[in-house]
Amino acid sequence: MKFFAPQWRGRSREKILMVVICAMVVLLTAGAQLSLAAAGTDPYKILGITKHATLQDIRRAYKQLAKEWHPDKSDHPEAETKFVEIKQAYELLSDTERRKAYDLYGITNEDAHLYKERPDYSNYGRFPDPFEQFFGHNFNFHDQDISLFHRLSITSKYYETNIVPKSHHTPQILMFYSDWCFSCMKAANSFKKMIDTLEPFGVTFATINAGHENQLVRKVGVHSLPCVIMVLDGHNYVYKESVYNTQRVVEFIRQKLPYKLLPLIDDGSIDSFLLGWSDNRVRALVMEPRSQPRLRYLITAFHFRERVAFGFVQLNSQKSQQIQERFKVHPSLDTLLIFNEDFNRPVASISMSDIPTSTLNNIISVNKYLALPRLSSQAMLEGVCPAEWNRPRKRLCVVLVTENTSTHDEARQAMRRIAMESNYSPERVRFAYIYQEKQTEFISALAEHNKLEETMLKVVIIWRKDAKHIKYEWVHEATLEMLNKSVENETHDVNYNNTKQKLDGAIQRLLRSSEALTYEAEVKDLLDEHAQGLVIRILNKVLLAFEYMSENLGQEHILPALSVVGTIAFILAAGYLMSYLVRVEEENIQKKQSKSGEDKNGKVQNYVPELRLHELRAEKYNGLVRLLKPGCRTIVLLTDMQSRNKLIPAFHKAVWPYRKNKTLMFAHMLIEKGIGWYAELLRLSLSESREMKINPRNCIGTVIALNGHRKYFCMYHAKHPESNRGAKRMMKMTRQLSTMPSDPEAGAFLGMDSSDSETSTSDISEPKILLEENLLDGLPNWLDRLFEGTTHRYYINYWPDFTSK
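Along each chain, the written sequence defines residue order, and numbers are assigned to residues from 1. The predicted origin of the model limits local features to residues at a pLDDT of at least 70 and limits the giving and counting of side-chain atom pairs to 80 or more, whereas totals for whole chains, interfaces and linings rest on all residues. Based on all heavy atoms of the structure, the side-chain values leave hydrogens and waters out of the count.

A. Examining the overall build of the protein chain more closely. Scanning the protein chain from N- to C-terminus turns up 28 helices and 19 strands. Relative accessibility decides the category of a residue: with a 1.4 Å probe and only protein chains considered, values under 20% of the type maximum give buried, values over 50% give exposed, and everything between is partly exposed. In the protein chain, buried positions account for 43% of the 805 residues. Intrachain contacts of the protein chain at a sequence separation of at least 6 include 72% that bridge at least 24 residues. Residue-level accessible areas treat just the shown protein chains as cover; the underlying method is Shrake-Rupley with a 1.4 Å probe. Entry remark: accessible area of the protein chain is about 45,700 Å², with carbon and sulfur atoms responsible for 52%. The way it works is that DSSP assigns letters per residue, a run of H or I at least four long becomes a helix, a run of E at least two long becomes a strand, and they are numbered from the N terminus. Any two residues having at least one pair of non-hydrogen atoms within 4.5 Å are treated as being in contact.

Next comes the structure, spelled out in structure tokens:
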């Protein structure tokens, strides 16, 4: 601070304060400029100008919008924000360098350090070449002119922001190379000849250093160096031949261009082609004295395909003689004819031995719209009614509101006649029509009181101040609705003349710089009526593929094609035959099994697939009970040697529906072997400790579900009236069962006597004798309740040991 103190001794506080304020202004301005870049807004749209606007246009637009949106002159709540955006956009576009950076990369100068422009490698390798000293001048790298690759080199950012968008209108050829690639050096001269030949046709060339753009190399599918890739309509196509010959590259471009860009037109199809302008596109005929169109015409047709439908006429063919006589075409010159709705007289024509690409583009650009085009997309609106903020030079668009129905054809035809007879310059006044049912939001924004029914067959004159704001005025005096009705010719002519006169008066009045249109609205982008769904696009590609094969397959292609089709048919037939034989064999096996399943009386027994049942014994006890995983259960059937053959099939049938449940295991146990384990299990489930006397014969048919992890079991027995009130009720129920006069064996399976039990009359109706065949009749219902969780659970402290007798 002492070192700098002498510099501030003579300054006043006011000067210091001024310096601080200036520094803050600079920081705020820089922050505002960064915010414009971060917001991603388009400065051209903010100012309402095109990308081709001059510096004077930018200044005029800025002055006009600044006056309109200045916070001191506008009451709009967003006026201050809008004014800041206008100021930032003007500062960006008025600076030549910043505007160039934005056009190329979409960035401002503040972000320029993040992206580099096209690298300049023109001086690369100008140092003394060590190989030249050893091998002489013949080995000089400079003779291979590899500096051409360096001059045309681009970055991946340039590829994304320029190459891909431009490929939707123009083929883009890219050469991938590296600095020390000898094959790339040899291909440099061929690439230069390729540029000199194809660049005049509209093809754009660039190079990419593969060593600097590894990610882009992987993305486009570069297989080796050097590698030529064509970017067309957003797709990358690899040129796979090793010879970089211009003629082969031309054929490569022809193959990748969309099929039938220039369909062949002859005397029989000329009228249907010229009358197809209902698709909202101008018709253009390219006539040449050769069998296929030149590459320049194909590239031009690809560039204007959205606005112009092209057709090719072969002048040296006998099928086009009537066309030559009809339009007075020279048989040895290339001719271009452009037609609008009037198919008898072209609106533009040119004949030369070799029409330059620039001439083609200029003529088509001027005549690429119909006399009365339909506003079918936002791009069409931008072309027919471009934005113009300057009031003295405002551009008017006269729009007829109709519906897509044949009843409105008369009104559209009358409007088309008015447009063709109009003397206004297309740069100031354009005529168009719009479908109300397609562009409902756009018409609603212009409709008075939002009543769409009042806009039908009415004419509105609009002036687009910028991309979103429109000033408009309805011409109610123009009675096109009357022209749409069937009236006498004299009345029709009177209505037409009156309508035309009213429109002319309104247009002349609004063209004056002192006149302003009445209303203003903010509109959204138009709906693209030509957009196709995924299914339609797939069907169109399939149809084009079939059409291409039918027209391009000759005799030399028929035999290979038939061979491929025959091979596929043979494979399908062999597969069908094998599947048929397998099905027959399965049917035979099923018949044999059904025959083997018949009993002695000839009755067919139902075949039940095998279900694995384990036998519960000492060596398997831990796996089936103690070591069960959480959530797993083992369902065990108690049998003896006499009832085993009868009870196991019934048990198998009952548990068969649950065979796919991986948490269940099924087993059976001989009561003679496990009587000690079973008695101990029942004793542990009771609330009181007592000696269990169990009759093994009465336990036959008992099913217990064991949960080894949570230490509980559920029990099924034909004589067991299960209760949900808990284990304490078990003793009382057992006593009740043991006192039943109708069934003296009830409750004996628990070892209970009947001397101290009360008499129960609830089960008097039960049968006195229960056969072995009926012991498991109620098991399916009990299993349902088991898996529903409604059966009673008997908890124990531990699992008793299994001791076999």
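B. Just the side chain of Arg 464, in detail. In this fold, Arg 464 is placed in strand 11 (residues 459-464). Among the polar contacts listed, one links the side chain of Arg 464 to the backbone oxygen of Cys 385, at a separation of 2.7 Å. The residues touching Arg 464, leaving out its near neighbours within four places in the chain, are Gln 378, Leu 381, Glu 382, Cys 385, Pro 386, Ala 387, Glu 388, His 469 and Ile 470. Pairing of N or O atoms within 3.5 Å defines a polar contact, subject to two protein rules: one partner must be a possible hydrogen donor and the other a possible acceptor, and residues neighboring in sequence count only if both atoms are side-chain atoms.

C. Focus on the pairing of strand 18 (residues 712-716). The buried fraction of strand 18 amounts to five of the five residues, a majority that puts the element mostly inside the structure. The side-chain alternation of strand 18 yields two buried faces, one formed by Tyr 712, Cys 714 and Tyr 716 and the other by Phe 713 and Met 715. In terms of strand pairing, strand 17 (residues 703-707) meets strand 18 through five bridges, oriented antiparallel. Bridge pairing links Leu 706 to Phe 713 in strand 18. When DSSP finds two or more bridges between a pair of strands, those strands are recorded as paired. Count of turn residues in the strand 17/strand 18 antiparallel hairpin: four residues, of which Lys 711 carries a positive phi of about 60°. Here strand 18 pairs with strand 19 (residues 794-795) via two bridges, running antiparallel.

D. Inspection of helix 4 (residues 55-69) at higher detail. By this rule the span expected of a helix is its residue count minus one, scaled by 1.5 Å. For helix 4, built from 15 residues, the straight-helix expectation of 21 Å at 1.5 Å per residue is met to within 8% by its first-to-last C-alpha distance of 21 Å. Of all the positions in helix 4, only Asp 57, Ile 58, Ala 61, Tyr 62, Leu 65, Ala 66 and Trp 69 are classed as buried. For helix 4, the angular spread of the buried residues around the axis is 155°, confining them to a single face. Structural note: helix 4 exposes Gln 56, Lys 63 and Lys 67 on the side pointing more than 90 degrees away from its buried face. Each direction from the helix axis to a C-beta atom contributes to the arc, which is the arc of those directions.

E. Region of the structure containing unusual backbone geometry. Geometrically, the link from Leu 225 to Pro 226 is a cis peptide bond, its omega value of -5° lying close to zero. Structurally, Pro 226 is set in the loop between helix 11 (214-220) and strand 3 (227-232). Even without a glycine there, the phi angle at Asp 233 is positive, about 55°. With respect to the element layout, Asp 233 can be found in the loop between strand 3 and strand 4 (235-239). Positive phi is not limited to glycine here, since Lys 711 has a value of about 60°. Classification of Lys 711 as partly exposed rests on a relative accessible area of 31%.

F. Inspection of the sheet that holds strand 6 (residues 308-314) at higher detail. With mixed pairing, four strands are arranged side by side in an open sheet as 6-5-7-8. With partners counted over all chains shown, the strands left at the sheet margins are strand 6 and strand 8 (348-352), one partner each. Adjacent strand axes in the sheet meet at a mean angle of 15° when their direction is disregarded. Pairing geometry for strand 7 (residues 334-339) and strand 8, over five bridges, is antiparallel. Its bridge partner lying in strand 8, Leu 336 is registered against Ile 350. Axes, fitted as lines to C-alpha atoms, cover a helix only where it is in contact. Angles between the N-to-C directions of the axes lie from 0 to 180 degrees. Of the strands in this sheet, strand 6, strand 7 and strand 8 touch helix 16 (residues 357-366), which is tilted by about 15° from strand 7.

G. Just the nonpolar core, in detail. Grouped together as the largest cluster of nonpolar side chains are 54 residues, with contacts concentrated most on Phe 191, Leu 198, Ile 253, Phe 310 and Leu 336. For this core, the leading source of residues is helix 10 (residues 182-198), giving eight residues. Beyond its immediate chain neighbours, meaning those up to four positions away, Leu 336 contacts Ala 284, Leu 285, Val 286, Ala 348, Ser 349, Ile 350, Ile 355, Leu 360 and Ile 364. As used here, the term nonpolar core means buried Ala, Val, Leu, Ile, Met, Phe, Trp, Tyr and Cys residues forming a set that is joined through side-chain atoms within 4.5 Å.

H. Looking closely at helix 5 (residues 79-94). Over its 16 residues, helix 5 extends 22 Å from the first C-alpha to the last, a length consistent with the 22 Å expected when each residue adds 1.5 Å. Along helix 5, the residues that are buried comprise Ala 79, Phe 83, Ile 86, Gln 88, Ala 89, Leu 92 and Leu 93.

I. The arrangement of the state of the cysteines in detail. Note on disulfides: each one is a pair of cysteine sulfur atoms within 2.5 Å. Under the counting rule described, the total for this entry stands at one disulfide. In this model, Cys 385 is linked to Cys 397 through a disulfide, with the two sulfur atoms separated by 2.1 Å. Of this pair, Cys 385 sits in the loop between helix 17 (378-384) and strand 9 (396-402) while Cys 397 sits in strand 9, and the two are 12 residues apart along the sequence. Its relative accessible area of 4% is what places Cys 385 among the buried residues.

J. Structural view of the packing of helix 10 against helix 12 (residues 246-256). Between helix 10 and helix 12, the least distance of the axes is 10 Å, while the angle of their chain directions is 55°. When the interaxial angle is binned, helix 10 and helix 12 end up oblique. Helix 12 is crossed by helix 10, and the crossing has right-handed handedness. Contact residues: Lys 193, Met 194, Thr 197 and Leu 198 in helix 10; Thr 246, Val 249, Val 250 and Ile 253 in helix 12. Partitioning the contact of helix 10 with helix 12 into residue classes produces five nonpolar, two polar and one charged. Comment on the angle field: the value is read as roughly parallel under 35 degrees, roughly antiparallel over 145, roughly perpendicular from 65 to 115, and oblique elsewhere. Should the near helix be turned anticlockwise from the far one by less than a right angle, the crossing is termed left-handed; should it be turned clockwise, right-handed. All amino acids are sorted into three groups, where Ala, Val, Leu, Ile, Met, Phe, Trp, Tyr, Cys and Pro are nonpolar, Asp, Glu, Lys and Arg are charged, and the leftover types, Gly among them, are polar.

K. A look at the sheet that holds strand 17. Strands sit in the order 14-16-15-17-18-19 across an open sheet of six strands; the sheet is mixed. The two strands at the open ends of the sheet, each matched to only one other strand, are strand 14 (614-615) and strand 19. Those strands touched by helix 26 (residues 671-685) are strand 14, strand 15 (633-639), strand 16 (664-670), strand 17, strand 18 and strand 19, and its axis lies near 115° from that of strand 16.

L. Representation of the packing of helix 14 (residues 295-303) against helix 16 within the structure. Direction vectors running N to C along helix 14 and helix 16 enclose 30°, while the axes themselves pass 10 Å from each other. What the angle tells us is that helix 14 and helix 16 run roughly parallel. The handedness of the crossing between helix 14 and helix 16 comes out as right-handed. When helix 14 is examined against helix 16, the residues Arg 296, Tyr 297 and Thr 300 are found in contact with a partner set consisting of Thr 357, Leu 360, Asn 361 and Ile 364. By residue class, the composition of the contact of helix 14 with helix 16 is three nonpolar, three polar and one charged.

M. Examining a nonpolar patch on the surface more closely. The patch calculation keeps residues exceeding 30% relative accessible area without a salt bridge and links them within 9 Å when they carry like charges or within 5 Å when they are nonpolar (Val, Leu, Ile, Met, Phe, Trp, Tyr). Throughout this description, the term salt bridge denotes a Lys or Arg side-chain nitrogen within 4 Å of a carboxyl oxygen of Asp or Glu. On the surface, Tyr 576, Leu 577, Tyr 580 and Leu 581 cluster together into a nonpolar patch covering about 450 Å² of accessible area. Relative to the elements of secondary structure, Leu 581 occurs in helix 23 (residues 555-596).

N. Molecular detail of the environment of Glu 522. Residue position: Glu 522 is located in strand 13 (residues 519-522). Distance in space between the C-alpha atoms of Glu 522 and Ala 445 is 7.1 Å, their sequence separation being 77 residues. Excluding anything up to four places from it in sequence, Glu 522 contacts Ala 445, Lys 468 and His 469.

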